[in-house]
Amino acid sequence: MEKKFDIKDIKVHRTHEGNIFEIVFAVVAIVVWGLIIWMVNQAPDIVPTHFDGSGRPNAYGSPTGIIIPCIIVTIAAICMMVIAYFPRHINMPFAITNIRQVELVIRMTRIAGLLFLVLTLVIGWTSLGSINHGGPSAIPILTIVGLLFVVIIVFTILVHKAK
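All values derive from a computational prediction rather than experimental measurement.

**Student:** Would you mind going over the overall build of the protein chain in detail, with residue names and values included?
**Tutor:** Counting secondary structure elements, the protein chain contains 4 helices and 2 strands. On the principal axes, the C-alpha backbone points of the protein chain span a range of 70 × 30 × 20 Å. Taking all 163 residues of the protein chain together, the buried fraction comes to 39%. The contacts of the protein chain with a sequence gap of at least 6 include a subset with a gap of at least 24, amounting to 71%. Positive and negative charge centroids in the protein chain, built from 12 and 8 side chains respectively, lie 7 Å apart.

**Student:** With reference to specific residues and values, describe the confidence of the model for the protein chain.
**Tutor:** On average, the protein chain scores 89 in pLDDT, and the residues at 70 or more come to 94%. When mean pLDDT is taken per element in the protein chain, helix α2 (residues 67-83) scores highest with 96 and strand β1 (residues 47-51) scores lowest with 80.

**Student:** Before we move on, can you summarise helix α4 (residues 139-161) with the specific residues and values?
**Tutor:** Between its first and last C-alpha atoms α4 spans 32 Å; for 23 residues at 1.5 Å apiece the expected length is 33 Å, and the two agree. Taken together, the buried positions of α4 are occupied by Ile-144, Leu-148, Val-151, Phe-155, Thr-156 and Val-159. Turning to α4, the residues buried within the fold contact α3 (99-129).

**Student:** Tell me what's going on with a nonpolar patch on the surface, and back it up with residues and numbers.
**Tutor:** A surface patch of nonpolar side chains, about 490 Å² in accessible area, is lined by Ile-23, Val-27, Val-31, Leu-35 and Trp-38. We classify Val-27 as partly exposed; its relative accessible area is 48%.

**Student:** Explain the pattern of salt bridges to me, and be specific about the residues and the numbers.
**Tutor:** In the structure shown here, the tally under the stated rule is 3 salt bridges. Its salt-bridge partner being Arg-14, residue Glu-22 comes within 2.6 Å of it at the nearest N-O pair. Glu-103 is paired through a salt bridge with Arg-100; the nearest N and O atoms lie 3.3 Å apart. Pair noted here: Glu-103 and Arg-100 are both in helix α3, with a separation of 3 residues, about one helical turn. According to the relative accessible area criterion, Arg-100 is partly exposed, its value standing at 39%.

Parameters and conventions
- Residues numbered from 1 in each chain as written.
- Predicted model: local features only at pLDDT ≥ 70, side-chain atom pairs only at ≥ 80, totals over all residues.
- Heavy atoms only, no water.
- Helix = DSSP H or I, 4+ residues; strand = E, 2+ residues; numbered from the N terminus.
- Buried < 20%, exposed > 50% of the residue type's maximum accessible area, 1.4 Å probe, protein only.
- Contact = heavy atoms within 4.5 Å.
- Lys, Arg positive; Asp, Glu negative; His and termini not counted.
- Charge placed at Lys NZ, Arg CZ, Asp CG, Glu CD.
- pLDDT = per-residue confidence, 0-100.
- Expected span 1.5 Å × (residues − 1).
- Patch = residues over 30% accessible without salt bridge, like charges linked within 9 Å, V, L, I, M, F, W, Y side chains within 5 Å.
- Areas by Shrake-Rupley, 256 points an atom, 1.4 Å probe, with all protein chains shown as cover.
- Salt bridge = Lys/Arg side-chain N within 4 Å of Asp/Glu carboxyl O.

Written as structure tokens, this is what we have:
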């Protein structure tokens, strides 16, 4: 009798692809946080800390205040990289029924984790770095968030088709 597929039985082991993602993640994290710390040290005493729907600053504060949302987004990115080892906890809008779907879900989660690191940098840049380069704009943040949506939608379709 053939055993039925159960995602709870899946154990994710280290792979070449996973190692590459994790090395890239670590390098990007170091670069992102190096740039954020540099931008905090270069920023004026008061920087935009919040933006309205049209991308105009509507709140100002200390440059160190920007570190808090950057830390939160970085923690979310780290959680995504860790959760890739526990695919049964990754929520999809349909049941996962084969190992190919599991592979795609893991890849999607790791790509999203990397994009969250880029989002960390963009958040820092929007408030800290863009002051010296024409002023803040919501376009970089919206671009990364849009790219995240595209990755999630494309991979959800790929996972669904891999049934």
